[in-house]
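One letter stands for each residue in the lines below.
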Amino acid sequence: MIVFVAGAGAVAFVLWQFSRDLPDYEVLAKYEPPVTTRIHANDGSLIAEYSRQRRIYVPITAIPDRVIQAFISAEDKNFYQHGGLDIQGIVRAVVTNLNNIQSGRRMVGASTITQQVAKNFLLTNEVSIERKIKEAILAIRIERAFTKDQILELYLNEIYLGVGSYGVAAAAQSYWDKSLNELTLADAAYLATLPKAPSNYDPFRHPDRALARRNWVIDRIVENGYATPEEGEKAKAQPLGVTKRPTGPRIFASEFFAEEVRREVLDMFGQDKLYGGGLSVRTTLDPKLQRMARKALIDGLVAYDHRHGYRGVEKTIAIDGDWGKELADIDVWSDIEPWRLAVVLEVSSDKATVGLRPTKDDYGKLREDREKGVVPFSEAKWARPVLERGLGRSPRAMTDVVKPGDVIYVSPREDDDGKVVEGEWALQQVPKIGGAIVAMDPYTGRILALVGGFSFAQSEFDRAVQARRQPGSSFKPFIYTTALDNGYTPASIIYDGPISIDQGPGLPPWQPKNYEAGSAAGPSTLRYGIEHSRNLMTVRLARDLGMPIISEYARRFGVYDNLMPVLSMSLGAGETTLMRLVGGYSMFANGGLQIKPTLIDRIQDRYGRTVWRHDERKCPQCAAKAWRGQPEPDVIENRKQIVDPMSAYQITSILEGVVKRGTGRRIAALGRPVAGKTGTTNDEKDAWFIGFTPNLVAGVFMGFDTPKPMGHGETGGRVAGPVFLEFMKMATKGTPAVPFRAPPGIKLVRINRKTGLPTTGGDSYAIMEAFKPGEEPLGAVASTTGGYNNSGGYNGQQQYGQQQQYGTPQQYGGQQPYGGQQPYDGGGYGGQAPQAQPGYQNPGQRSFGGGQGLNSGTGGLY
């Protein structure tokens, strides 16, 4: 008796001793494990995932019975009977380990699922008797505090199951790209083999071992009555069927977009939330438009690169052995598909036979088959050799370009209809020039597509967002919009001729020139100045307006935060980004409403609560639970009107003229209403085209990362314009062509676009020009718009009907309706609107010259 009491006392002391510093198991009730943040496109498809521990937390009610039964059979068959410790299992393990010690085999354990929860959540992996005692005590306490389902839920979401996946849901996606309810008996059994040693049963490195262990688990499932012997045999006959799930962006060509979203979420919520907060980020990306944007940009980069010659092959390898293995050892960027690396095997005058770099199977092993193709000479005629000075002569045969053993890049050859020709390839080289394209919804600022360069794997530098470059003439529309918003009309006359600007003591005068040196058109309309991108007219206009007001409007449009108010900035000398320019042009398209470009629609936390959204407009009636005859909800518009809608329409109409008659004539091939502007900087270092249809805005930039001349004649219209055109053709295919929406009250007057005077239809320079009420030329016959009618014609002749109202004339600063001469915010920027003074005048129209303008000094004749 005394011995028994002493023994019991000793056990009690040991339990008390180990219980003193045990962690609080009640924290399990508040446990929030790190969960993967997932980024989705606007159609719900997955773009990317970010996590330190890749985990998708699912409640026990969402875990299928077959998965639960598989883990219970493999790990703890008496789970539903014991109270935390499996005494039978412990005795069995003791007996087994005594035999294993004698035979030199590995020791086995007897931990229950509850004990594993205690260890994984509250203790360390230290191998010691002390830890096992603490684990047992905690397991008993956990069983008393939590239900079996709660314990299973913690366990099945916490355990590590290999390939960077924690929990059964993440593992199911990683191994088979399946959801839990899609798993078969064989799949569930394989997952249940992994908790003890995922690396030992890795299906890619140890497939035979993994298969044997899976089949053992299937036998345990059948033994425990969770499956029939027939079902078990059928499951064991199945292969593992695992595939390597991609870890990067899942949507083709979305790497630049995904990285920008990652940076934005990181800035808003910090690292812990991004990599463990389980955020659900719904982005604005349109996967179809993204693919189109990427194709258009790559085609444009390649077209420029081909014009400037062939720099030679990548390297030369031996082809007498296994050339496939030699090619496979050469690193290739992962995101340049459908381009392939190839080696020339045979070459004749009219073609080259190439071997393509072999791919790897799902297990990471090099495929045994060797794919071959043909490069016709017609697809290599562009390959003039690059010499120290200029280019060599065009090749006359394929043998002038490559020889056997040369390693080259090739892309699938397309016929005239854009269809891939099976087995034929085109010679390529990685472009040295950089570029970017952005597509945006002008009414919301939602970025539908973004490609920041040729290859994200080659360079993560995003030329759409991070590259600050001079916009050149693509900035001019903001200057002319400032003028239209402050008293000018599209028919206002500005002098296109030499100008000399005094820069101060000790500095030579600044004498800007038009792109065509020595050209000057004399007195010309404001419309002509943009359509033909006249630098001299722009500088004169900027001097008359005053650079401070231009800086203010540039800030309103989001193009610059603080543009230096010097005249050279009027020609686009200040640096900005493609994203900002596209956002600015969107405000022309949407009638002057301020929008903020965004990559993200909304962000939800792990519980589905919205923690951020882009659209800040309020809609109280949208929360109605049922319709009971009430009117449709009204979304309260809270966006700022930054320019008169009439001014926005006037600049849009002028930019349509750029496409019809001016520097953007190539874009007219789109065959539908489109407006836009080219941009080219000094020495052709930067090339731009920003344009829009009534419902879509897109911008293209091209230039070397380290600015240097692209070559004479490589202007925005030639380099960037074709990229915009190709993208817009694909993006608008199958959609009806509609005209731009005119605000109510705008006056359409037939004038001569060169002189600005009213004219008749027989005049070859006649166009229908848009004027604000009271600003049309005297004696002109005006057609007043009252809304929009998308059934009208094009080329400036459409009539607008009475169907849809743009909005009532709105008072700015509570003073004067749109269409008047008073600038916004009450009093005008610089004190007054421009006044008509003696100078070049047309009867019945405003002229500018010889007088005082907004915030400007005394001007000469314009």
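By convention here, each chain's residues receive numbers from 1 onward along its written sequence. With the structure being a predicted model, the display of local features is reserved for residues of pLDDT at least 70 and the display and counting of side-chain atom pairs for 80 or more, all residues being used for whole-chain, interface and lining totals. Hydrogens and waters are ignored; side-chain quantities use all the structure's heavy atoms.

1. Description of the overall build of the chain
Next up, step 1: Scanning the chain for helices and strands turns up 21 helices and 25 strands.
Next up, step 2: Exposure is judged per residue with a 1.4 Å probe applied to protein chains only, and the accessible area is read against the type maximum: over 50% gives exposed, under 20% gives buried, and values in between give partly exposed. Out of the 862 residues belonging to the chain, those deemed buried represent 52%.
Next up, step 3: A contact between two residues is defined here by any heavy atoms of the two lying within 4.5 Å. Contacts in the chain between residues at least 24 apart in sequence constitute 69% of all its contacts with a sequence separation of at least 6.
Next up, step 4: By element, 50% of the accessible surface of the chain is carried by carbon and sulfur atoms, the whole surface being about 39,300 Å². Here a helix means four or more residues in a row that DSSP labels H or I, a strand means two or more in a row labelled E, and each is numbered from the N terminus. Working definition of accessibility: Shrake-Rupley area with a 1.4 Å probe, residue cover restricted to the visible protein chains.

2. Points about a negative patch on the surface
Next up, step 1: Two distance rules govern patches: like charges are joined within 9 Å, and nonpolar side chains (Val, Leu, Ile, Met, Phe, Trp, Tyr) within 5 Å, applied only to residues with over 30% relative accessible area and no salt bridge. By definition here, a salt bridge exists when the distance from a side-chain nitrogen of Lys or Arg to a carboxyl oxygen of Asp or Glu is within 4 Å. By the counting rule applied here, Lys and Arg register as positive and Asp and Glu as negative, while His and the ends of each chain are not counted. Taken as the charge centre is NZ of Lys, CZ of Arg, CG of Asp or CD of Glu, depending on the residue. A cluster of like negative charges, contributed by Glu 414, Asp 415, Asp 416 and Asp 417, occupies part of the molecular surface.
Next up, step 2: Checked against the element boundaries, Asp 415 lands in the loop between strand E10 (406–414) and strand E11 (420–428).

3. Comments concerning the side chain of Ser 647
Next up, step 1: By secondary structure assignment, the location of Ser 647 is in helix H19 (residues 645–661).
Next up, step 2: Side chain to side chain, Ser 647 and Asp 485 meet in a polar contact 2.7 Å long.
Next up, step 3: If we skip the residues at most four places from it in the chain, Ser 647 touches Leu 484, Asp 485 and Lys 772. Any pair of nitrogen or oxygen atoms within 3.5 Å is treated as a polar contact; in protein, a donor-acceptor pairing is required on top of that, and neighbouring residues in sequence qualify only through side-chain atoms on both sides.

4. Section: the pairing of strand E17 (residues 610–613)
Next up, step 1: When DSSP locates at least two bridges between a pair of strands, those strands are taken to pair. As paired elements, strand E16 (residues 600–604) and E17 share 3 bridges and run antiparallel to each other. Each bridged residue has a counterpart across the sheet, and for Gln 604 the counterpart in E17 is Thr 610.
Next up, step 2: Connecting the antiparallel pair E16 and E17 is a turn made up of 5 residues, with Gly 608 showing a positive phi of about 85 degrees.

5. Remarks on the environment of Tyr 495
Next up, step 1: Positionally, Tyr 495 belongs in strand E14 (residues 493–496).
Next up, step 2: According to the relative accessible area criterion, Tyr 495 is partly exposed, its value standing at 26%.
Next up, step 3: Residues Tyr 495 and Ala 520, 25 residues apart in the sequence, show an inter-C-alpha distance of 8.9 Å.

6. What about the packing of aromatic side chains?
Next up, step 1: Two aromatic rings, drawn from Phe, Tyr or Trp (for Trp, its six-membered ring), form a pair once their centres lie within 6.5 Å of each other, and the interplanar angle then sorts them: stacked below 30 degrees, edge-to-face above 60, tilted otherwise. By the definition in use, this model includes 21 aromatic pairs.
Next up, step 2: Relative to Phe 701, the ring of Trp 688 has its centre 4.9 Å away and its plane inclined at 50 degrees; by these criteria the two rings are tilted. A residue pair is termed long-range when its members are at least 10 positions apart, and Trp 688 in strand E19 (residues 687–693) and Phe 701 in strand E20 (residues 696–703) qualify at 13 residues.
Next up, step 3: Judged by relative accessible area, which is 1%, Trp 688 ranks as buried.
Next up, step 4: Clustering of aromatic rings is evident, with ring pairs tying together Phe 475, Phe 478, Phe 557, Tyr 560, Tyr 585 and Phe 588.
Next up, step 5: Whether a charge lies above a ring is judged from NZ of Lys or CZ of Arg, which has to be within 6 Å of the ring centre and within 35 degrees of the ring normal. One residue, Lys 708, lies across the ring of Phe 704, its end atom 4.7 Å from the ring centre.

7. Section: helix H17 (residues 547–556)
Next up, step 1: With 8 of 10 residues buried, H17 lies mostly within the body of the structure.
Next up, step 2: Met 547, Ile 549, Ile 550, Ser 551, Glu 552, Tyr 553, Ala 554 and Arg 556 are the residues of H17 that are buried.

8. Focus on helix H21 (residues 721–732)
Next up, step 1: Each residue after the first adds 1.5 Å to the expected span of a helix. If you check H21, its first and last C-alpha atoms are 16 Å apart, about what 12 residues at 1.5 Å a residue would give, namely 16 Å.
Next up, step 2: Among all positions in H21, only Gly 721, Val 723, Phe 724, Leu 725, Phe 727, Met 728, Ala 731 and Thr 732 are buried.
Next up, step 3: Lining the buried residues of H21 we find helix H12 (287–307), strand E12 (434–440), E19, E20 and helix H20 (716–719).
Next up, step 4: Gly 734 sits one or two positions beyond H21 and adopts a positive phi of about 85 degrees.

9. Looking at the state of the cysteines
Next up, step 1: Any pair of cysteine sulfurs within 2.5 Å is marked as a disulfide. Counted by the stated rule, this structure contains 1 disulfide.
Next up, step 2: Between the sulfur atoms of Cys 619 and its disulfide mate Cys 622 the distance is 1.8 Å. Of note, the bridge from Cys 619 to Cys 622 carries an S-S torsion of about 70 degrees and is right-handed in sense.
Next up, step 3: With a relative accessible area of 48%, Cys 622 lands in the partly exposed category.

10. Side note on the pattern of salt bridges
Next up, step 1: Under the defined criterion, the tally for this structure stands at 38 salt bridges.
Next up, step 2: A salt bridge links Asp 615 to Arg 617, with the nearest nitrogen and oxygen atoms 2.9 Å apart.
Next up, step 3: On the accessibility criterion, Arg 617 (25% relative accessible area) is partly exposed.
Next up, step 4: For the salt bridge of Asp 644 with Lys 772, the shortest nitrogen-to-oxygen distance reads 4.0 Å. Here the residue Asp 644 occupies a position in the loop between E17 and H19, and Lys 772 occupies one in the loop between strand E22 (766–771) and strand E23 (782–784), the gap between them amounting to 128 residues.

11. A word on the sheet that holds strand E5 (residues 280–283)
Next up, step 1: One open sheet holds the 5 strands; their spatial order is E2-E1-E5-E16-E17, and the pairing between them is mixed. Of all strands in the sheet, those bounded by a partner on one side alone are strand E2 (46–50) and E17. Neighbouring strand axes in the sheet, compared pairwise and without regard to direction, differ in orientation by 15 degrees on average.
Next up, step 2: The pairing of strand E1 (residues 37–40) with E5 spans 3 bridges and is parallel. Looking at E5, one finds that Arg 38 is bridged to Ser 280. Note on definitions: angles span 0 to 180 degrees between N-to-C directions of axes, and those axes are lines fitted to C-alpha atoms, for helices only across the stretch in contact.

12. Details of the sheet that holds E20
Whenever strands of a sheet pair, they do so through backbone hydrogen bonds, lying parallel or antiparallel.
Next up, step 1: One open sheet holds the 5 strands; their spatial order is E13-E12-E20-E19-E18, and the pairing between them is antiparallel. Because the sheet does not close on itself, it has two edges, and the strands there are strand E13 (447–451) and strand E18 (675–680). Direction aside, the axes of adjacent strands within the sheet are offset by 5 degrees on average.
Next up, step 2: Two elements, E12 and E13, share 4 bridges in a ladder whose sense is antiparallel.

13. Some thoughts on the confidence of the model for the chain
Next up, step 1: Of all residues in the chain, 81% attain a pLDDT of 70 or more, and the chain-wide mean is 84.
Next up, step 2: Considering only residues more than four positions removed or in separate chains, one finds that residues 13–18, a stretch of pLDDT under 50, has 5 contacts.
Next up, step 3: Every residue carries a pLDDT, the predictor's confidence in it, which falls somewhere between 0 and 100. Contacts of residues 788–862 to residues separated by more than four positions or lying in other chains number 186 contacts, the stretch itself having pLDDT below 50.

14. Digging into the environment of Gln 69
Next up, step 1: Positionally, Gln 69 belongs in helix H2 (residues 65–75).
Next up, step 2: Separated by 157 residues in sequence, Gln 69 and Tyr 226 place their C-alpha atoms 6.8 Å apart.

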